[in-house]
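Observations on chain architecture
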Amino acid sequence: MMFWSCLTAPKGNNPIKAIKRSSLQLYRSSSFLPGSDKEAILDLVTSRSNAQRHEIVAAYKSSFGQDLIEDLKYELTGKFERLIVSLMRTPPYHDAKEIHDAVKGTGTDEKCLIEILASRNNQQIQDMVAAYRDAYGREMEEDIVADTSGHFKKMLVVLLQGTRDESEDVDTELVAEDVQDLYAAGEEQWGTEEAKFIMILGNRSMPHLRQVFDEYEKAYETTIENSIKSELSGDFERLMLAVVQCIRSVPMFFARRLYKSMKGLGTADNTLIRIMICRSEIDILDIRECFRLRYEKSLYNMIKDDTSGDYKRTLLNLCGGDDDLAGEFFPEAAQMAYKMWEVSATIKVKVVRPASGFDPAADAQALRKAMKGFGTDEDAIIDIVANRSNDQRQEIRQAFKSLLGRDLMKDLKSELSKNLERLIIGLMLTPAEFDAKMMRKAMEGVGTDEHALIEILVTRSNEQIQAMNEAYLRGYKKTLEDAIQSETSGHFCRILTSLVQGAREDGPADMDRADSDAEVCNAGSDDIEIKFMSILCTRSFPHLCKVFQEFVRKTNKDIEQIIKKEMSGDVKNAFYAIVCSVKNQPSYLADRLYKAMKGLGTDDRALIRIMVSRSEVDLFNIRKEFKETHDASLHEFIQVETSLVSLRLY
């Protein structure tokens, strides 16, 4: 892996003179003028490499007999001062200070310890330990041991040794042994053998562990991350997850950390400063790419929106550019980031499963009892409906009519109201009936819910679309295609018409065809909508994955950025949804859920539609993506934003 940084050393004919000029500029900026010239300081400091800044510190003392860092501390204040002063330290001394600040005084900043020790290579750790000893006259290990405990402490100590195997060779027999050992130490037994996790994840090489993770998922149909979450807890769990994330992709790990530092109310400035400084000359371009891919927004723009003043300007200089404007990948970052798309959500995990000891007659009687007399026992209805699979609910509907001579759906509609009624009725319909009803609701009345039409048609399989077509015709005496064509127009209508055929190709990618399809997508703006439709609406998802990868390889551009730049309105939204769904469908639906609940008011229809339709498909995966992206569980969001918390679908 080649890493890309955006901070490079300025070139000049005489580097010694350039350093002296820089030190003089800093001296004038901080000392001679009434008040410091902050713009001059930030421009100079952020346009020099760390090695050059270190030389400037030495030249400053030689030329003026003063300590540059102390002068900067005196002249500057707040976050801007912390940022500039931190930039003047060498990486090992900066890491050492961060660790020292994390363990000194009352309380410990465990997140800082995790971030630094999980992400540094052997040499960086050894240099940091030596810098700590030099700066504080103490051993880093002793201070960390004194401030932490348990398995968390043990794993930190292992990482502190800086002795991870760094060979590129992978022993397939040892991979198989480690896969079995990790499973035996966790999922296979009651209780967890934490020492085995520590030994393997703390010492094996990164190429070896990547193969271990792949084989683990193939063997046990779950990710190593899921096993860690189910077997470990607290800071130890967070540390081990960080180690796994860094082994998979250090840039993606830092993209997530940066996003979490700025999202929501307030900014975790210490985290933001630390990452921007320590990665600015290592892999900031790769981090920018991962950030844009995962959060559909450039790191540059998020910093711009979340910070202010000279502090913002300095951070933006370190960031180096706005990827939303460029729309281009850096080649190594593009290929690395695309691998993240390929491994996303390969295993779908259901949430609602068939209830054991199921008795449809007893459930039918219990539902009738809940609706008889004065008042309705909503809790009883919820407890039955939310804990049965859809097949079991259909048996309950039939038993209700056979035993009681009543239509369960009509009874539920008369006894329930508003969102709870819509949700319970949605759950009692078959998936095809529910999808048909949602399509009908999206098109009836004044205005059309284009987002709902797109979401449903983009995320359903051929079989689901064909079943939905049949249900629509039965229920509304009109074809779904005719309904779409009467409510939409232009290229958007043609896209939906293509999708509603349920005729998307099946099967794996055709590499030769993927290459030619990528060429078609890159063939210019003439009839671009027709060209994209002929490929995005018809090819199989595995094939489209390869098309997007070939597009990146040929152009160094993200196909999403082409869609955003060249198209508009509903056409743009439809193609964009297809791309997102191909890359990671649970992530796309997690984003739809987030948008349904964030801000003022809740889009209840979207929330109900997704929760009902995915509860037996991939809701577990959607929950996982929601948590990773928004740093809050789907359960917590629903609890805060709605009154449907008692319906335990999530």
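Residues numbered from 1 in each chain as written. Predicted model: local features only at pLDDT ≥ 70, side-chain atom pairs only at ≥ 80, totals over all residues. Heavy atoms only, no water.

To continue, consider the overall build of the protein chain. For the protein chain, the helix and strand inventory stands at 40 helices and 0 strands. If you take every contact in the protein chain between residues at least 6 apart in sequence, the share linking residues at least 24 apart comes to 74%. Total accessible area on the protein chain is roughly 29,100 Å²; 47% of this is exposed by carbon and sulfur atoms. (Helix = DSSP H or I, 4+ residues; strand = E, 2+ residues; numbered from the N terminus. Contact = heavy atoms within 4.5 Å. Areas by Shrake-Rupley, 256 points an atom, 1.4 Å probe, with all protein chains shown as cover.)

The N-to-C vectors of helix H24 (residues 378–385) and helix H27 (residues 418–428) enclose an angle of 30°; their axes lie 11 Å apart at closest approach. Considering the angle they form, H24 stands roughly parallel to H27. In terms of crossing hand, the pair formed by H24 and H27 is left-handed. From H24, Glu 378, Ile 381, Ile 382 and Val 385 reach across to H27, where they touch Leu 420, Ile 424, Leu 427 and Met 428. Looking at the contact of H24 with H27 residue by residue, the class counts come to 7 nonpolar, no polar and 1 charged. (Axes fitted to C-alpha atoms, helices over the stretch in contact; angles between N-to-C directions. Parallel < 35°, antiparallel > 145°, perpendicular 65-115°, else oblique. Left-handed = near helix turned anticlockwise from the far one by under 90°. Nonpolar A, V, L, I, M, F, W, Y, C, P; charged D, E, K, R; others polar.)

This part is about the environment of Met 371. As for its placement among the helices and strands, Met 371 is situated in helix H23 (residues 360–371). On a C-alpha basis, the gap between Met 371 and Ile 381 in space is 8.5 Å, while along the polypeptide they are 10 residues apart. Excluding its chain neighbours within four sequence positions, the residues that come into contact with Met 371 are Thr 376, Ile 381, Phe 400, Leu 408, Asp 411, Leu 412 and Glu 415.

A few words on the pattern of salt bridges. Under the defined criterion, the tally for this structure stands at 38 salt bridges. The residue Glu 39 makes a salt bridge to Arg 313 at a minimum N-O spacing of 3.6 Å. Residue Glu 39 is located in helix H2 (residues 38–46), and its partner Arg 313 is located in helix H20 (residues 309–319); the two are separated by 274 residues in the primary sequence. Residue Glu 39 is classed as partly exposed on the basis of its relative accessible area of 47%. Its salt-bridge partner being Arg 204, residue Asp 178 comes within 2.7 Å of it at the nearest N-O pair. Of this pair, Asp 178 sits in helix H11 (residues 172–185) while Arg 204 sits in the loop between helix H12 (194–203) and helix H13 (206–220), placing them 26 residues apart in sequence. (Salt bridge = Lys/Arg side-chain N within 4 Å of Asp/Glu carboxyl O. Buried < 20%, exposed > 50% of the residue type's maximum accessible area, 1.4 Å probe, protein only.)

Once that is clear, we can look at the packing of aromatic side chains. Taken as a whole, this structure holds 14 aromatic pairs when the rule is applied. These aromatic residues form a ring-pair network of at least three members: Tyr 183, Tyr 216 and Tyr 220. (Phe/Tyr/Trp six-rings, centres within 6.5 Å; stacked < 30°, edge-to-face > 60°.)

As a further point, take helix H29 (residues 450–459). The element H29 is largely enclosed, with a buried count of 8 among its 10 residues. Every buried residue belonging to H29 is among Ala 452, Leu 453, Ile 454, Glu 455, Ile 456, Leu 457, Val 458 and Thr 459, and all of these are buried.

The next subject is a negative patch on the surface. On the surface, Asp 165, Glu 166, Glu 168 and Asp 169 cluster together into a negatively charged patch. Within the fold, Asp 169 resides in the loop between helix H10 (150–160) and H11. (Patch = residues over 30% accessible without salt bridge, like charges linked within 9 Å, V, L, I, M, F, W, Y side chains within 5 Å. Lys, Arg positive; Asp, Glu negative; His and termini not counted. Charge placed at Lys NZ, Arg CZ, Asp CG, Glu CD.)

To continue, consider the nonpolar core. Counting 91 residues, the largest nonpolar core has Met 439, Phe 532, Leu 536 and Phe 575 as its most contacted members. Top contributing element to this core by residue count: helix H37 (residues 569–597), with 14 residues. Setting aside residues no more than four positions away along its own chain, Met 439 makes contact with Leu 453, Ile 456, Leu 457, Met 468, Tyr 472, Leu 480 and Ile 484. In terms of nonpolar packing, the next biggest core, distinct from the first, is built from 90 residues, Leu 232, Met 240, Ile 284 and Met 302 among them. (Core = buried A, V, L, I, M, F, W, Y, C linked by side-chain atoms within 4.5 Å.)

This next bit is on the side chain of Glu 560. Along the chain, Glu 560 turns up in helix H36 (residues 559–566). Only 2.3 Å separates the side chain of Glu 560 from the side chain of Lys 583, close enough to count as a polar contact. Residues within four places of Glu 560 in sequence aside, it is in contact with Tyr 576, Val 579, Cys 580 and Lys 583. (Polar contact = N/O pair within 3.5 Å; in protein donor to acceptor, adjacent residues only side chain to side chain.)

This part is about the confidence of the model for the protein chain. Scored by pLDDT, the protein chain has a mean of 87; 87% of the residues are at 70 or more. Mean pLDDT values for the elements of the protein chain range from 48 in helix H22 (residues 331–342) up to 98 in H29. (pLDDT = per-residue confidence, 0-100.)

Backbone geometry at Lys 418 places phi at a positive 50°, although glycine is not the residue there. Assignment of secondary structure puts Lys 418 in helix H27. Here Lys 418 falls in the exposed class, since its relative accessible area comes to 69%. Positive phi values are uncommon outside glycine, yet Lys 477 reaches one of about 55°.

Remark: helix H14 (residues 224–231) packs on helix H15 (residues 234–248), axes separated minimally by 9 Å, with the N-to-C direction vectors making an angle of 175°. The orientation of H14 with respect to H15, classified from their angle, is roughly antiparallel. Note on element contacts: H15 touches H14 through Glu 237, Met 240, Leu 241, Val 244 and Arg 248, opposite Ile 224, Glu 225, Ile 228 and Lys 229. Taken together, the residues that form the contact of H14 with H15 break down as 5 nonpolar, no polar and 4 charged.

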